[in-house]
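Residues per chain are reported as follows:
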Amino acid sequence: MKALRQIGTLVRKDLALQFRSKETLVLIFVFSVLVVLIFAFAFGPIFPERAERGKLAASVLWTAFVFAGIIILNRSFVVERSHSALHGIRLTGVDASNLYLSKVVSNVVSLLLLEIVITPIALQFLDLLNVVTVGVLLKLIGVLSIGTLGFCAVGVLLAGMSTSTSGGESLLSVILLPVVVPIIIGGAKCTVSLLVTGGVDNGFWLNLLIGCSLVFLASAYLLAGAVIEE
C-alpha cells in the first residue's frame, strides 16, 4: 500500500506539472496535427481504396505518436533534473522503482490522451472515420494503449539516462527509435488490419506487440534503480 501511495502521489505531481505547462501541450498537439495534415494533403484529396487508406492512416498515426512521445518523455525528466529535484524526491524515501513506475504511468496517460484526440482527426482527414465502427475504434485505442505502454516503458528509462547529458533530446531520439522498432512494426501492422478488416487477422503482430511491451517493462523496471541513482 505504501508503494501504491508513493506512485499515486508522484503520478499526480507529474500530470499536474505537464498540464500546467500550456506551451508544451500546444506544441505537442500542433506537431501531431501538422503531421496528419502533411500526409493527408500530400495523398489527397482523392484517396485510393480502403486498404491503401488503412496503410496510410497507420503510418500517420504511429509517426505522429512516436515523435510526440519523444517530446513528452524529454519533458518528464527535464523538470526533475533541473535544480537536483530528482535527488530531493529520492531523499524523501521514494523507492527508485516506484519513481520509475510513476513516470511510466504519467507518460502513458499523457500520450494516450493525445492519441484519443488525434486518432479521430486523422481518420476524418483520410476518409476513414465514416467507415470505422465504434467497436473498431475501441480496439484501435486498445492497440495504441499496448504500444504506448511498451514505448514509455523503455522510453522513460532511456530518457532518464539521456537527460543527464548535454544534447539529451537529440540523444534520446537516436537511442530510443532503434529499440522500439518491434513495437512500431507490430502496432502499425495491427492498426492496418483493424482499419481495413475490422480485426487483427494475423495474431503474430499482436503477440509481438504485447510480448515486446511486457519484456521492455520488466527489463526497464529491473534497471530503473541503477539509472535513476546515476
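Residues numbered from 1 in each chain as written. Predicted model: local features only at pLDDT ≥ 70, side-chain atom pairs only at ≥ 80, totals over all residues. Heavy atoms only, no water.

### Structural notes on the overall build of the protein chain
Okay, so step 1: Scanning the protein chain from N- to C-terminus turns up nine helices and zero strands.
Okay, so step 2: Listing the helices and strands of the protein chain from first to last along the sequence gives α-α-α-α-α-α-α-α-α.
Okay, so step 3: A buried classification covers 46% of the 230 residues belonging to the protein chain.
Okay, so step 4: Counting contacts in the protein chain only where the partners sit at least 6 residues apart, residues at least 24 apart contribute 82% of the total.
Okay, so step 5: Working note: accessible area of the protein chain is about 11000 Å², and carbon and sulfur atoms make up 71% of it. (Helix = DSSP H or I, 4+ residues; strand = E, 2+ residues; numbered from the N terminus. Buried < 20%, exposed > 50% of the residue type's maximum accessible area, 1.4 Å probe, protein only. Contact = heavy atoms within 4.5 Å. Areas by Shrake-Rupley, 256 points an atom, 1.4 Å probe, with all protein chains shown as cover.)

### Brief notes about the packing of helix α1 (residues 2-20) against helix α5 (residues 96-125)
Okay, so step 1: Relative to each other, α1 and α5 sit at 45 degrees, their axes nearing to 8 Å. As far as their axial angle goes, α5 and α1 are oblique. Judged by the twist between their axes, the crossing of α1 over α5 is right-handed. Facing Ala 3, Gln 6, Ile 7, Leu 10, Val 11, Lys 13, Asp 14, Leu 15, Gln 18 and Phe 19 of α1, the residues of α5 in contact are Asn 98, Leu 99, Leu 101, Ser 102, Lys 103, Val 105, Ser 106, Asn 107, Val 109, Ser 110 and Leu 113. (Axes fitted to C-alpha atoms, helices over the stretch in contact; angles between N-to-C directions. Parallel < 35°, antiparallel > 145°, perpendicular 65-115°, else oblique. Left-handed = near helix turned anticlockwise from the far one by under 90°.)

### A word on the packing of aromatic side chains
Okay, so step 1: On inspection of all chains with the given rule, the structure shows two aromatic pairs.
Okay, so step 2: Arranged with centres 5.0 Å apart and planes meeting at 70 degrees, the rings of Phe 204 and Trp 205 form a pair that is edge-to-face.
Okay, so step 3: Under the relative-accessibility criterion, Phe 204 is labelled partly exposed at 49%.
Okay, so step 4: With relative accessibility at 23%, the residue Trp 205 sits in the partly exposed group. (Phe/Tyr/Trp six-rings, centres within 6.5 Å; stacked < 30°, edge-to-face > 60°.)

### Thoughts on a nonpolar patch on the surface
Okay, so step 1: Together, Phe 19, Leu 25, Val 105, Val 109, Leu 113 and Ile 116 give the surface a local cluster of nonpolar side chains, amounting to about 440 Å² of exposed area.
Okay, so step 2: Sorting elements by how many residues they give to the nonpolar patch places α5 first, with four residues.
Okay, so step 3: Mapped onto the elements, Val 109 comes out in helix α5. (Patch = residues over 30% accessible without salt bridge, like charges linked within 9 Å, V, L, I, M, F, W, Y side chains within 5 Å. Salt bridge = Lys/Arg side-chain N within 4 Å of Asp/Glu carboxyl O.)

### Points about the pattern of salt bridges
Okay, so step 1: By the definition in use, this model includes one salt bridge.
Okay, so step 2: Glu 52 serves as the salt-bridge partner of Lys 55, at 4.0 Å between the closest nitrogen and oxygen. Highlighted residues: Lys 55 and Glu 52, both in helix α3 (residues 50-81), separated by three residues, approximately one helical turn.
Okay, so step 3: Overall, the relative accessible area of 44% leaves Lys 55 in the partly exposed class.
Okay, so step 4: Using a relative accessible area of 36% as the deciding quantity, one classes Glu 52 as partly exposed.

Honestly, that's just the spatial picture; any functional story needs more than this.
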